[in-house]
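# Architecture and fold: a report
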Amino acid sequence: MSYSPEVYRAAEDELSRRRTEAEQRANALRARMTAQNPRIAELELMMRASAAEVARAVVNGGNVEEVVAEMRRRNETAQKELADILHAAGETVDNFAPQYSCKRCSDTGYVGREMCECFRRLLAEGAAQRLSRLSGMQLTSLDDMDLSFYKDRAAMQRLLDFCRSYGENFSPTADSLLFFGPTGVGKTHVSLAIAAMAAQKGYSVVYGPTQQLIGQMEREHFGREEGDTGELLNTADLLVLDDLGTELTGSFYQVSLLNLVNTRLLTGRPTIISTNLTPPELQSRYGVQLSSRILGTYLPLQFKGDDIRQQKLERRLRNQ
Ligand SMILES: [Zn+2]
């Protein structure tokens, strides 16, 4: 799974924030309690000194077992006294140590060399947030689709059922989808909802208007901006190219789009393309090479209906 450096950085920052907060809380408690009761500092010193004394006995060849037994007794007495003092103040010894949000990795993000589950979750959440920022839209859910705006509700329901199942069972080897139909009939809404479902499952998702994503690649290609958007688009577990066909097409754009579609097909990664163009329009605009790739390998899903924004507006005007 690959995430953008930005997503990694944000997740690492969050782990570091959690770690620091847990440590600061423990330190603050210790400082407060020690100020109230100087005996605490003495007891802690005694416990640390015990360990040093055992080490000294080992080095000097004394009777290690005897020293260890004596130290353990002293330690236990000191610990009990400390626990009593804290208990009387309504605190516990446990809170003297940092209470990390993740016990498995102590908020470091790693258990040994393995990435901890909490780090993975942060990455997935970060990817979902980045996704909504990129598109400039709120993440949507299939549950907020209002079927009353569709003349053929049964057809729309079937389409939604398919998309729900696609999202719920999403895997990085899922089929690629082509959403086509007129403006304002829910293509963007549904593709965002699927993208959110995949991101919530922990997959890397890149979502955006096609023009914006390819435009970003172009700026980086010609050195006007830093970044590796091309790599991100090629390797995301799911790529959603929204609104294909509304952009100004230049040769860089055409070639990049063809390369992107080809690369993802060859590596078996799913892409969802939404477009207002009909299949014949797709061909006349992008040429046979690209359109045949898309039409020949993507599952086509047709969205039918009248512009929902327009219908909502009309409903509001009628109700005034
Ligand atoms: Zn963890």
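Report follows, based on the coordinates.

The rules behind each value
Residues numbered from 1 in each chain as written. Predicted model: local features only at pLDDT ≥ 70, side-chain atom pairs only at ≥ 80, totals over all residues. Heavy atoms only, no water. Helix = DSSP H or I, 4+ residues; strand = E, 2+ residues; numbered from the N terminus. Buried < 20%, exposed > 50% of the residue type's maximum accessible area, 1.4 Å probe, protein only. Areas by Shrake-Rupley, 256 points an atom, 1.4 Å probe, with all protein chains shown as cover. Lys, Arg positive; Asp, Glu negative; His and termini not counted. Charge placed at Lys NZ, Arg CZ, Asp CG, Glu CD. Pairing = 2+ DSSP bridges. Axes fitted to C-alpha atoms, helices over the stretch in contact; angles between N-to-C directions. Donors = N, O, S within 2.8 Å, 3.2 Å for Na, K, Ca; no water. Tetrahedral: all angles 85-135°; square planar, octahedral: opposite > 155°, others 65-115°. Parallel < 35°, antiparallel > 145°, perpendicular 65-115°, else oblique. Left-handed = near helix turned anticlockwise from the far one by under 90°. Contact = heavy atoms within 4.5 Å. Core = buried A, V, L, I, M, F, W, Y, C linked by side-chain atoms within 4.5 Å.

### Here we look at the overall build of the protein
Helix and strand counts for the protein stand at 11 helices and seven strands. Each of the 320 residues in the protein was classed as buried or not, and the buried ones make up 41%. Accessible surface computed for the protein: about 17,800 Å², of which carbon and sulfur atoms make up 50%. Each charge class in the protein was averaged separately, 39 positive and 42 negative side chains, and the resulting centres sit 3 Å apart.

### Considering the sheet that holds strand β4 (residues 205-209)
An order of β4-β5-β6-β3-β7 is seen for the five strands of this open sheet, with the pairing classed as parallel. The open sheet has two edge strands with one neighbour each: β4 and β7 (299-302). In this sheet, neighbouring strand axes are inclined to one another by 15° on average, regardless of whether the strands run parallel or antiparallel.

### Section: the pairing of strand β3 (residues 177-180)
A regular strand carries its side chains on alternate faces of the sheet. Covered by surrounding structure in β3 are Leu177 and Phe179 together with Leu178 and Phe180, the residues of both alternating faces. Of the pairings in the sheet, the one linking β3 to strand β6 (residues 271-275) comprises four bridges and is parallel in character. Pairing of Leu178 across the sheet is with Ile273, part of β6. Here β3 pairs with β7 via four bridges, running parallel. Note on β7: the bridge partner recorded for Leu178 is Pro300.

### Points about the coordination of the zinc ion
The coordination sphere of the zinc ion, as far as protein atoms go, consists of Cys102 (SG), Cys105 (SG), Cys116 (SG) and Cys118 (SG), spread over 2.2 to 2.3 Å. Because the angles between the four donor atoms bound to the zinc ion fall within 101 to 115°, the donor set is best described as tetrahedral. Summarised as a motif, the one-chain spacing of the donors to the zinc ion is C-x2-C-x10-C-x1-C. The same class applies to Cys116 as to Cys118, namely buried.

### With respect to the packing of helix α5 (residues 153-168) against helix α6 (residues 187-200)
Orientation of α5 relative to α6, taken along the N-to-C sense of each, is 25°, at an axis distance of 8 Å. Looking at the two axes, α5 sits roughly parallel to α6. The way α5 lies across α6 gives a crossing that is right-handed. Packed against α5, whose contacting residues are Leu160, Cys163, Arg164, Tyr166, Gly167 and Glu168, the element α6 presents Val190, Ile194 and Met197 at the interface.

### So, the nonpolar core
Residues Phe179, Val190 and Ile194 are the most contacted members of the largest nonpolar core, which totals 32 residues. Contributions of two or more residues to this core are made by α5, β3, α6, β4 and β5 (238-244). Counting residues per element, this core draws most heavily on α6, which supplies eight residues. In this structure, Phe180, Met217, Tyr253 and Ile294 belong to the second largest nonpolar core, which totals 25 residues.

Everything listed here is a matter of coordinates, which is why it stays silent on function.
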